[in-house]
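# Remarks on the overall topology
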Amino acid sequence: DVKVTQSSRYLVKRTGEKVFLECVQDMDHENMFWYRQDPGLGLRLIYFSYDVKMKEKGDIPEGYSVSREKKERFSLILESASTNQTSMYLCASRGDRVSHEQYFGPGTRLTVT
Amino acid sequence: AQRVTQPEKLLSVFKGAPVELKCNYSYSGSPELFWYVQYSRQRLQLLLRHISRESIKGFTADLNKGETSFHLKKPFAQEEDSAMYYCALSGTTGFQKLVFGTGTRLLVSP
């Protein structure tokens, strides 16, 4: 069974703080993704990584960066958190390029005050 | 451009009633279509994909290329079907990402 874990379920940070969201998968998947989930907007792709040290911008990368130093770990970084980054953040991994199915973590609800 | 449209934010039905969650897409080619579901306090998970042509928890979805639709259907809704449902699309060549719709919340009342 695929397991995708995220470091925190709930996080509260202040405006201007640097924030790290961690994601770990245990299935040796090559591809990993970060989304934010907002009511009425669905899931929007922030960044993705198709291999270690490789990363690509998604649809809304502004204000975010990522790090993939090891295959199992994909980190999302908010360099200077702002209130409009208050959201639910979902990490996903994918190992099967044929089916395109993604496996999701439980999510981190980030509140920036 | 790839786009997925779910026109309904909320669909409210009574237990035992038929359910149809609408999904329309735009894609210049042959996409792969998915339905993902998120139950309360649970992670987002795959419900079904069009290439499998399977029925999961009584739900089915048929890809209609002429109408560019992938509606999710169930003949008799159950209270445990209450959840957030997302339609998603992926291309089938190169490195493809999932494009999600905005989601439909299904509420099944007793």
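From a predicted model like this one, the values you see are computed outputs, not experimental measurements. (Residues numbered from 1 in each chain as written. Chains lettered and ligands numbered in written order. Predicted model: local features only at pLDDT ≥ 70, side-chain atom pairs only at ≥ 80, totals over all residues. Heavy atoms only, no water.)

### Description of the nonpolar core
All names here are of chain B. Ranked by size, the top nonpolar core spans 24 residues in total, and within it Trp35, Leu72 and Tyr85 carry the most contacts. Taken together, the elements giving at least two residues each to this core come down to β2 (10–14), β3 (19–21), β5 (32–38), β6 (45–49), β9 (83–90) and β11 (104–109). For this core, the element with the most residues is β9, which contributes four residues. (Core = buried A, V, L, I, M, F, W, Y, C linked by side-chain atoms within 4.5 Å. Buried < 20%, exposed > 50% of the residue type's maximum accessible area, 1.4 Å probe, protein only. Helix = DSSP H or I, 4+ residues; strand = E, 2+ residues; numbered from the N terminus.)

### Some words on the state of the cysteines
Counted by the stated rule, this structure contains two disulfides over all chains. With a sulfur-sulfur separation of 1.9 Å, Cys23(A) is cross-linked through a disulfide to Cys91(A). Taking the sign of the S-S torsion, -75° for the link of Cys23(A) and Cys91(A), the bridge is left-handed. In this pair, Cys23(A) is assigned in strand β3 (residues 19–25) and Cys91(A) in strand β9 (residues 87–94), connecting sequence segments 68 residues apart. According to the relative accessible area criterion, Cys23(A) is buried, its value standing at 0%. With a sulfur-sulfur separation of 2.0 Å, Cys23(B) is cross-linked through a disulfide to Cys87(B). (Disulfide = S-S within 2.5 Å.)

### What about unusual backbone geometry?
A positive phi angle, near 60°, is found at Asp28(A), a position not held by glycine. Mapping Asp28(A) onto the fold places it in the loop between β3 and β4 (31–38). Under the relative-accessibility criterion, Asp28(A) is labelled exposed at 56%. Unlike most non-glycine residues, Arg41(B) shows phi in positive territory, near 65°. For Arg41(B), the location among the structural elements is in the loop between β5 and β6.

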